[in-house]
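# Inside the fold
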2 protein chains.
Amino acid sequence: MDIVEPTLILDETRCRNNISFMVSKARELQLLLRPHFKTHQSLAIGRWFREAGVRSITVSSVRMAQYFARDGWDDITIAIPFNIRETTRLNELAKQAQVQIIVLYPFMIDHLDAVLDNEVGFLIEIDNGYHRTGIHPQARDRIEEILEKEKTASHLSFRGFLTHAGNTYQAASEKEINCIHLQTTSIMKNLKAEFLGRYPDIIISLGDTPSCSLMHDFNGIDEIRPGNFVFYDLMQKQLGVCREEDIAVCLACPVISRDEEKRKIVVYGGAIHLSREYLDSRNGKIYGKVVLLEEQGWSESLEGTEVTGLSQEHGIIRMDNTAFNRIRIGDLIGILPVHSCLTANLMSSYLTLSGTRIDHLNSTR
Amino acid sequence: MDIVEPTLILDETRCRNNISFMVSKARELQLLLRPHFKTHQSLAIGRWFREAGVRSITVSSVRMAQYFARDGWDDITIAIPFNIRETTRLNELAKQAQVQIIVLYPFMIDHLDAVLDNEVGFLIEIDNGYHRTGIHPQARDRIEEILEKEKTASHLSFRGFLTHAGNTYQAASEKEINCIHLQTTSIMKNLKAEFLGRYPDIIISLGDTPSCSLMHDFNGIDEIRPGNFVFYDLMQKQLGVCREEDIAVCLACPVISRDEEKRKIVVYGGAIHLSREYLDSRNGKIYGKVVLLEEQGWSESLEGTEVTGLSQEHGIIRMDNTAFNRIRIGDLIGILPVHSCLTANLMSSYLTLSGTRIDHLNSTR
């Protein structure tokens with residue numbers, strides 16, 4: 001490959017397989033798949049989803065929603081508590097697309113209704129134990145207050161309840177993910193049952209990549225919003241959510257230093273390429289696993305070979321003997337990222353195995 | 001301030017003061033200040049250095065060198081072991097500017113000499129205990145091998161020895177930084193003494209932000225290359241290298257959630273804005289400290305108020321009561337970054353207190 005600097009390689013086949021897997025699963029379970037596009041942030045990859053039949057998406061900022069709206073996406077949920085400083089942008093966006101936002105506070109309904117010219121849907125976020133954002137499922141007063149405000153609002157309509165079980169990322173096993181999933185779905189189903197009489201069209205939306213990849217019972221749920229599955233990564237692999245051969249991105253890095261004595265190599269590729277996300281291991285922090293780049297992709301990760309240190313542009317890799325002996329200065333090696341969302345966000349473009357450059361929202365700054 | 005989304009605020013006065021401090025110190029100690037521009041990566045901030053009399057710079061990639069060369073910088077050291085995949089780019093760059101690279105391997109001299117049309121200087125990097133890259137100071141054979149190759153090279157000339165005492169970042173106290181500094185300078189001075197007879201013009205280049213900010217004895221050293229001091233950050237403050245009032249950047253973030261019961265707020269501003277760099281504290285990881293934004297800058301950091309969790313776009317902040325009671329949904333709060341280089345790299349632009357947008361290399365992708 002004619003690569004001179006750290007470059008994020010994308011295996012289109014693996015990526016499309018990951019998309020197909022989730023599309024098929026959602027179809028079987030009769031769920032609306034509203035994939036979270038914050039992982040790839042790419043119009044080109046968005047089109048692969050569209051080719052697979054996806055019409056509704058999730059994003060994590062108004063700016064990201066605008067990016068995809070310009071490419072024809074017209075059903076977008078912005079899955080972060082709405083930032084009232086972006087009300088003007090939201091109003092613009094709502095002209096182009098059907099938008100859903102998250103509302104956590106009754107005052108926000110009045111505030112938005114006074115400004116919006118177009119209809120915007122809203123979901124109430126429920127905190128099921130992840131404790132990031134969302135209303136406690138027992139805080140019915142607050143939910144009712146929001147719904148009371150909605151009654152007189154002309155431009156806001158209640159679409160249902162949303163939750164994000166981000167605590168599955170801290171789970172130690174599939175059993176634990178299952179346990180979180182059961183608890184989450186049960187709370188959400190109860191909520192729906194309670195409000196369905198008054199709001200017959202409301203939906204329940206949930207689904208992080210671990211639950212959506214591994215779980216099978218989504219009874220009573222209407223919509224799932226996984227994101228990371230499009231690429232997967234070492235964190236998901238460690239959780240047991242994917243196999244290594246499902247990971248669809250890898251950072252190609254030139255070898256710039258090789259220490260015979262310490263069996264250590266250093267690559268051009270550091271914290272500003274991979275991010276400082278790490279996995280804990282018996283031997284300390286791991287910032288990535290090393291693969292060999294091949295014509296049609298990359299090898300399995302090399303035994304005993306890990307990125308153990310990062311500075312701004314340097315990656316430090318300890319290797320076992322066999323691996324070390326194969327590496328020369330100027331070689332390209334591949335690094336499987338710990339957290340593909342952050343790596344993609346830093347790299348801000350992709351190169352497919354066939355040599356096509358692919359866009360990322362950040363490349364448009 | 002009319003800010004709608006996470007925005008990196010730059011206090012120009014503090015930044016220019018940090019620049020003046022280091023310029024004056026270098027002048028007093030008769031050192032060439034060759035600041036590392038990887039921290040700010042900005043042409044505008046580069047010009048502030050130029051106004052303060054700086055003419056020579058350090059960068060961490062060929063791409064970064066090209067960026068600054070286009071703005072008239074013509075004496076640039078690329079302080080990362082040279083990546084031979086960028087030889088063509090280097091050749092282009094050497095037409096515009098006097099460039100120094102780092103060479104660690106004898107073969108590289110032949111390799112480069114066969115390709116280069118213009119003269120390029122090189123420094124030999126010495127590993128003084130940081131163990132990232134560099135040649136062991138006792139490995140004289142390898143140094144001599146490189147110098148032997150240089151004798152017959154037409155486009156490469158030996159400029160001296162360079163080292164980076166990155167281990168000062170792990171130091172527990174000023175005493176320990178002093179100890180590392182003494183050891184580093186002593187090894188480098190010995191090297192110079194040994195080679196000065198044969199190479200009368202060679203220099204010794206060293207200097208990370210902790211040593212350059214705190215140390216006073218640079219006897220025998222020719223050049224210093226600190227970078228982070230232009231902004232400083234919480235990591236430097238924790239090391240005792242700067243005061244909080246020297247920190248020149250702060251991330252403005254809109255408040256999107258407020259949890260009365262847990263005294264917790266959530267801001268729009270997460271790992272893709274701050275980076276996942278953290279400090280360890282008794283209460284766990286800290287990803288930033290919180291300040292209140294004011295007309296002319298920002299307040300001191302609030303007692304007992306820290307960013308304790310980050311997801312892609314969310315920042316989770318635990319507050320003490322007084323601070324919590326002042327914050328409303330939609331407010332902007334400021335976050336002092338743990339590692340300003342990584343935050344600036346992610347944000348890819350700055351907004352000064354007077355409202356001027358300032359460039360960053362990444363905004364040109």
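Residues numbered from 1 in each chain as written. Chains lettered and ligands numbered in written order. Predicted model: local features only at pLDDT ≥ 70, side-chain atom pairs only at ≥ 80, totals over all residues.

## Some remarks on the domain arrangement of chain A
All names here are of chain A. Per the domain assignment, the segments making up chain A are domain 1 (13-231) and domain 2 (244-364). Spacing between the C-alpha centres of domain 1 and domain 2 amounts to 33 Å. Opposite the 15 residues of domain 1 that make contact, domain 2 presents 14 residues. Of all the elements in the fold, those that place two or more residues in the side of domain 1 that touches domain 2 are α1 (12-28), α2 (43-51) and α3 (62-69). Grouping the amino acids of the side of domain 1 that touches domain 2 by side-chain chemistry returns seven nonpolar, six polar and two charged. (Domains from an automatic or database assignment. Contact = placed C-beta atoms within 7 Å. Helix = DSSP H or I, 4+ residues; strand = E, 2+ residues; numbered from the N terminus. Nonpolar A, V, L, I, M, F, W, Y, C, P; charged D, E, K, R; others polar.)

## Brief notes about the relation of the copies chain A and chain B
With an RMSD of 0.0 Å, the fit of chain A onto chain B corresponds to turning through 180° and sliding 0.0 Å along the axis. Expressed as a symmetry operation, the mapping of one chain copy onto the other fits a two-fold axis. For chain A, the residue whose C-alpha comes nearest the rotation axis is Arg276(A), separated from it by 2.9 Å. Both copies present the same face, since 100% of the interface residues in chain A are matched by interface residues at the equivalent positions in chain B. (Least-squares fit on C-alpha atoms with pLDDT ≥ 70 in both.)

## Quick notes on the interface of chain A and chain B
Taken together, the contact between chain A and chain B spans 41 residues of the former and 41 residues of the latter. Looking at the side of chain A that touches chain B, the elements that each hand over two or more residues are β4 (75-81), β10 (249-259), β11 (264-268), α10 (271-274), β17 (314-318) and α12 (340-347) of chain A. When grouped by side-chain class, the residues that make up the side of chain A that touches chain B number 16 nonpolar, 14 polar and 11 charged.

## Considerations on the pairing of β17(A)
Residue and element names in this part refer to chain A. Across the five residues of β17, five count as buried, placing the element largely inside the fold. Both faces of β17 are covered, namely the face carrying His314, Ile316 and Arg318 and the face carrying Gly315 and Ile317. Bridge count for β11 against β17 is five bridges, and the pairing is antiparallel. In the strand pairing of β17, Val267 is matched with Gly315. Sheet topology places strand β16 (residues 306-310) next to β17; four bridges connect them, and they run antiparallel. For Glu306, the partnering residue across the bridge sits in β17 and is Arg318. Joining the antiparallel neighbours β16 and β17 is a turn of three residues. (Buried ≥ 20, exposed ≤ 12 C-beta atoms within 10 Å, placed from the backbone. Pairing = 2+ DSSP bridges.)

## A look at the sheet that holds strand β6 (residues 120-125) of chain A
Residues and elements named next belong to chain A. Taken in spatial order, the eight strands make up an open sheet running β2-β9-β8-β7-β6-β5-β4-β3, and their pairing is parallel. Looking along the sheet, the strands with just one partner apiece sit at the ends: β2 (32-33) and β3 (57-59). As paired elements, strand β7 (residues 156-162) and strand β8 (residues 203-206) share three bridges and run parallel to each other. Each bridged residue has a counterpart across the sheet, and for Gly160 the counterpart in β8 is Ile203. Relative to strand β5 (residues 98-103), helix α4 (residues 87-96) is tilted by about 145°, and along the sheet it contacts β5 and β6. (Axes fitted to C-alpha atoms, helices over the stretch in contact; angles between N-to-C directions.)

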